[in-house]
Amino acid sequence: PSVSQGGLTDKYNFVQLHFHWSSDPKKGGSEHLINSKRFAAEMHLVHYNTKYSSFADATNHPDGLAVLGVMLDSNVGADHEGFAKIVQEAPSLAEAGAEKTLTNSLSLKDLLPNNLSTFYRYDGSLTTPKFAEIVTWTVFDNPIPVSESQVAVLNQLKDHENKPLTDNYREVQPLNGRKIFYYNPSKIASKQA
């Protein structure tokens, strides 16, 4: 899978996806806020720029990665069908280092919001150490609806020290003069901090 267009100047190939969440879904564990709201969790779909020879090579360049950020909203109460295919495998991944092949096929498109035409875009960094500023972020303003029980399954996972893997999100950072662009089919607006 890959992403291109929508304001991206290059093609980016999919590498991996991961989640950030809080031990308290009401508090929320998303790393981005939309209209000052933090969501229960956030999914990151990581892609590397194909003009570089590999993912490792791409991480050495300011335009190396494109990450899609998808908010998970647990205030709706219903299970999300695509997310369910991941959650059902989570118990077998509870121990650090465990690996599991999904038993049901999953299209990445099944994990995206229905409306992909409106989103925020900015140049930023990874949200994990070393926080390299190599990411073109696309954060969809439409979350996917998930249930609280689906998000709760994430809190059963363990880290490399066999401790509960919770609160694995980075607090919102200052913009430091970055421009955040909002893409909308009918208009494009930008905000300068």
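Every chain begins its residue count from 1, and numbering advances along the sequence as written. Confidence filtering applies because this is a predicted model: local features only for residues at pLDDT of at least 70, side-chain atom pairs given and counted only at 80 or more, and all residues used for totals across whole chains, interfaces and linings. Hydrogens and water are ignored here; the side-chain numbers use all heavy atoms of the structure.

S.K.: Go over unusual backbone geometry, please, and point to the residues and values.
M.R.: The amide bond that connects Pro-129 to the next residue, Lys-130, takes the cis arrangement and shows omega of 15°. By the criteria applied, helices consist of DSSP H or I runs no shorter than four residues and strands consist of E runs no shorter than two, each listed in order from the N terminus. Counting through the fold element by element, Lys-130 comes out in the loop between strand 5 (119–124) and strand 6 (135–140). At Phe-131, a position not held by glycine, the phi torsion is positive, near 55°. Within the secondary structure, Phe-131 is located in the loop between strand 5 and strand 6. Exposure is judged per residue with a 1.4 Å probe applied to protein chains only, and the accessible area is read against the type maximum: over 50% gives exposed, under 20% gives buried, and values in between give partly exposed. Judged by its relative accessible area of 33%, Phe-131 is partly exposed. Despite not being glycine, Asp-167 has its phi angle at roughly 50°, a positive value. Following the sequence through the fold, Asp-167 ends up in the loop between helix 3 (148–154) and strand 8 (179–183). Note on Asp-167: relative accessible area 36%, which makes it partly exposed.

S.K.: Pulling in residues and values, what's your account of the confidence of the model for the chain?
M.R.: In predicted models, pLDDT denotes the confidence assigned by the predictor to each residue on a 0 to 100 scale. When pLDDT is averaged along the chain, the result is 90, and 96% of the positions lie at 70 or above. The secondary structure element of the chain with the lowest average pLDDT is strand 9 (residues 188–192), at 49, and the one with the highest is helix 1 (residues 55–58), at 98.

S.K.: Pulling in residues and values, what's your account of the nonpolar core?
M.R.: The term nonpolar core refers to a set of buried residues drawn from Ala, Val, Leu, Ile, Met, Phe, Trp, Tyr and Cys, joined through side-chain atoms within 4.5 Å. Among the nonpolar cores identified, the biggest contains 29 residues, and Phe-19, Met-43, Leu-45, Val-70, Leu-72 and Phe-83 are the most heavily contacted of them. For this core, the secondary structure elements donating two or more residues are strand 2 (8–21), strand 3 (41–49), strand 4 (65–73), helix 2 (81–87) and helix 3. Those residues in contact with Val-70 that sit more than four places away from it in its chain are Ala-41, Glu-42, Met-43, Leu-45, Leu-111, Leu-112, Pro-113, Phe-140 and Ile-144. By size, the runner-up hydrophobic cluster in this structure holds 14 residues, among which are Leu-65, Val-67, Met-71 and Trp-137. By definition, residues are in contact when any of their heavy atoms lie within 4.5 Å.

S.K.: Requested: an account of the layout of surface pockets, with residues and values cited.
M.R.: The rolling of a water-molecule-sized probe over the atoms marks out the regions of remaining empty space. The distinction between a cavity and a pocket rests on a 1 Å grid over the protein atoms alone: a 1.4 Å probe fits inside a cavity but cannot get out, while a pocket stays open yet meets protein on both sides within 12 Å along at least five of seven lines, and a residue with an atom within 4 Å of a point counts as lining. Grid points are joined across faces, edges and corners, and a volume is the space filled by probe spheres set on the points. One number sums up the size of the second largest pocket: a volume of about 550 Å³. Lining the second largest pocket we find 23 residues, and of these Leu-17, His-18, Phe-19, Ile-86 and Leu-93 sit closest to its centre. Residue contributions to the lining of the second largest pocket peak at six residues, all from strand 2. Residues are sorted three ways: Asp, Glu, Lys and Arg are charged, Ala, Val, Leu, Ile, Met, Phe, Trp, Tyr, Cys and Pro are nonpolar, and all the rest, Gly among them, are polar. Among the residues making up the lining of the second largest pocket, the classes are represented as 15 nonpolar, four polar and four charged.

S.K.: Could you give an account of the side chain of Gln-150, naming the residues involved and the relevant values?
M.R.: As for its placement among the helices and strands, Gln-150 is situated in helix 3. Distance and chemistry together define a polar contact, namely a pair of N or O atoms within 3.5 Å, with one atom able to donate a hydrogen and the other to accept it when in protein, and with adjacent residues in sequence counting only for side-chain atoms on both sides. A polar side-chain atom of Gln-150 sits 2.9 Å from the main-chain amide nitrogen of His-80. Beyond its immediate sequence surroundings of up to four residues, Gln-150 is in contact with Ala-78, Asp-79, His-80, Phe-83, Ala-84 and Val-87.

S.K.: Residues and numbers for the side chain of Asp-73, please.
M.R.: With respect to the helices and strands, the residue Asp-73 is situated in strand 4. Setting aside chain neighbours within four positions, we find Asp-73 in contact with Lys-37, Phe-39, Pro-143, Ile-144, Pro-145 and Val-146.

S.K.: Give me the lowdown on the pattern of salt bridges, citing residues and values where you can.
M.R.: By definition here, a salt bridge exists when the distance from a side-chain nitrogen of Lys or Arg to a carboxyl oxygen of Asp or Glu is within 4 Å. Under the counting rule described, the total for this entry stands at seven salt bridges. Asp-73 is the partner of Lys-37 in a salt bridge, and the nearest nitrogen-oxygen pair spans 3.7 Å. Pair noted here: Lys-37 is in the loop between strand 2 and strand 3 and Asp-73 is in strand 4, with a separation of 36 residues, a long-range link. Lys-37 sits in the partly exposed class, given a relative accessible area of 32%. Salt-bridge contacts for Lys-51 lead to Asp-63; the nearest nitrogen and oxygen are separated by 2.7 Å. Here Lys-51, found in the loop between strand 3 and helix 1, pairs with Asp-63, found in the loop between helix 1 and strand 4; they are twelve residues apart in sequence, far enough to count as distant.

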